[in-house]
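An overview of the molecular structure
So the chains spell out like this:
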Amino acid sequence: MMRVWFWLKNSRFFSLPMTFLSWLVAFTYSMSGDIVNGILALFGISFVHLATNLFDDYVDYKNLPDNCQQCKCLYIKEGKATINDVLRVVIIYFAVASVIGLILFLRCGFPVIGLAVIGAFISLCYAKLSQVGLSEIAVGTAFGPLFFEGVYFVMRGSFSYEILILSLAVVMFTIGLMYTHTVLDYEGDKKSGKKTLVCRLKDKQTAINGVYVVYGLGFLFTLIFILMSKNYYLLTTFALLPLIVNLHNSLKSFQSGEDVKEFYFRLLKARNLMVYYSLIVVLCLLIN
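Overview of the structure.

Cut-off values and rules
Residues numbered from 1 in each chain as written. Predicted model: local features only at pLDDT ≥ 70, side-chain atom pairs only at ≥ 80, totals over all residues. Heavy atoms only, no water. Helix = DSSP H or I, 4+ residues; strand = E, 2+ residues; numbered from the N terminus. Buried < 20%, exposed > 50% of the residue type's maximum accessible area, 1.4 Å probe, protein only. Contact = heavy atoms within 4.5 Å. Areas by Shrake-Rupley, 256 points an atom, 1.4 Å probe, with all protein chains shown as cover. Salt bridge = Lys/Arg side-chain N within 4 Å of Asp/Glu carboxyl O. Core = buried A, V, L, I, M, F, W, Y, C linked by side-chain atoms within 4.5 Å. Expected span 1.5 Å × (residues − 1). Arc of directions from axis to C-beta. Bend = angle between axes of the 7 residues up to and from the residue. Axes fitted to C-alpha atoms, helices over the stretch in contact; angles between N-to-C directions. Parallel < 35°, antiparallel > 145°, perpendicular 65-115°, else oblique. Left-handed = near helix turned anticlockwise from the far one by under 90°. Nonpolar A, V, L, I, M, F, W, Y, C, P; charged D, E, K, R; others polar.

**Here's the deal with the overall build of the chain**
Secondary structure assignment for the chain yields 13 helices and 0 strands. Evaluated residue by residue, the chain yields a buried proportion of 52% over its 288 residues. A separation of at least 24 residues holds for 76% of the contacts in the chain among residues at least 6 apart in sequence. Within the structure as shown, the chain displays about 13,100 Å² of accessible surface, and the carbon and sulfur contribution to it stands at 69%.

Set out below in structure tokens:
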């Protein structure tokens with residue numbers, strides 16, 4: 001059991017609320033459909049998410065500079081696991097996700113294969129995509145349209161333009177978490193030669209200000225969805241604006257090389273924003 005906990009921790013299971021709550025929004029919107037298929041989709045996507053996180057470490061570890069963030073691949077540096085151990089666990093995660101995907105294919109048909117292939121491509125290429133500044137696009141696609149339309153399809157048997165807009169609103173808060181992570185990794189990624197979106201910006205202060213752009217787009221798509229669905233309860237999501245200002249100020253005060261706790265303290269602020277936003281959306285969908 002301790003070994004299972006070890007790998008879950010290093011697979012950054014703390015980011016799973018991002019997956020669960022995105023799923024919960026899509027599930028709530030689609031809940032008049034097949035509930036069993038929706039639950040199967042949750043487990044499949046969760047294992048792919050864990051695999052992607054761990055495979056990112058596998059790729060990154062080979063390119064880490066000596067003065068990178070202390071917490072980066074720490075469990076490998078300390079000899080608690082080898083790089084081959086990491087790869088083996090990644091394969092196990094993908095194997096479980098593949099079995100679930102096969103079940104959904106048998107229950108729902110060939111479109112599931114197409115969705116799974118796109119998802120697998122993004123997962124396996126995520127580490128490389130992040131090195132050339134495309135991580136936000138990868139996350140936006142995987143946890144936005146692909147995720148929401150996939151859940152909607154396995155539950156309702158069709159695709160929806162309205163849920164597409166909803167997915168774009170929700171995924172901007174997911175991207176906010178990823179973007180915050182790359183801001184915190186700014187110095188380490190610069191020194192290791194990563195071409196993340198944050199590293200491509202003029203300087204770190206400009207990158208920090210980009211937080212407002214990311215979340216601003218989330219609220220823009222929220223407004224579009226409100227107009228489409230006439231669900232005005234969703235205007236309550238704007239109560240989160242002060243938390244975005246707080247996250248921005250917190251990132252300004254972060255210094256590279258600080259204690260690991262300081263790194264995760266700021267990262268969890270972005271995670272919590274996604275949690276709060278998703279819960280508000282779910283409640284508004286249920287009320288409406």
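**Thoughts on the pattern of salt bridges**
Scanning the model with the defined rule gives 1 salt bridge in all. A salt bridge links Asp34 to Arg107; the shortest N-O distance between them is 3.4 Å. Of the two residues, Asp34 sits in the loop between α2 (16-29) and α3 (35-61) while Arg107 sits in helix α5 (residues 83-108), which places them 73 residues apart along the sequence. With a relative accessible area of 29%, Asp34 lands in the partly exposed category. A relative accessible area of 44% places Arg107 in the partly exposed class.

**Quick word on the nonpolar core**
Formed by 71 residues in total, the largest nonpolar core has its most connected members in Val25, Phe148, Leu166 and Tyr215. Here this core gets 14 residues from one element, more than from any other, and that element is helix α8 (residues 161-184). Not counting residues up to four positions away in its chain, the partners in contact with Tyr215 are Met172, Phe173, Gly176, Leu177, Ile244, Leu247, Ala270 and Leu273. Core analysis: the second largest hydrophobic core is formed by 14 residues, Phe55, Val86, Val89 and Ala127 among them.

**A closer look at unusual backbone geometry**
Negative phi values dominate among residues other than glycine, just as trans dominates among peptide bonds. Residue Lys230 is not a glycine yet carries a positive backbone phi of 60°. Assignment of secondary structure puts Lys230 in the loop between α11 (204-229) and α12 (241-252).

**Digging into the side chain of Thr19**
Residue placement: Thr19 occurs in helix α2. Since its relative accessible area comes to 0%, Thr19 is described here as buried. If we ignore the near neighbours within four places in the chain, the residues touching Thr19 are Ile45, Ser46, His49, Phe143 and Phe147.

**Topic: α12**
When the terminal C-alpha atoms of α12 are compared, their 17 Å separation across 12 residues agrees well with the 16 Å that a helix rising 1.5 Å per residue should span. All buried positions along α12 are accounted for by Ile244, Leu247, His248, Ser250 and Leu251. Down the axis, α12 shows its buried residues gathered within 165° of arc, on one side only.

**A short note on helix α7 (residues 135-156)**
With 22 residues, α7 extends 30 Å between its outermost C-alpha atoms, agreeing within 8% with the 32 Å of an ideal straight helix rising 1.5 Å per residue. When the local axis directions of α7 are compared, the greatest deviation, roughly 35°, occurs at Phe147. For α7, a buried count of 18 out of 22 residues is recorded, marking the element as mostly surrounded by other parts of the structure. Immediately beyond the C-terminal end of α7, within one or two residues, lies Gly157, with a positive phi of roughly 80°.

**Observations regarding the packing of α2 against α7**
One can describe the packing of α2 onto α7 by two numbers: an axis separation of 9 Å at closest approach and a directional angle of 45°. For the element pair α2 / α7, the angle class is oblique. Of the two possible hands of crossing, α2 and α7 adopt the one that is right-handed. Two secondary-structure elements touch here, α2 through Met18, Thr19, Ser22, Trp23, Val25, Ala26, Phe27 and Tyr29 and α7 through Phe143, Phe147, Phe148, Val151, Tyr152, Met155 and Arg156. Considering only residue class, the contact of α2 with α7 consists of 12 nonpolar, 2 polar and 1 charged.

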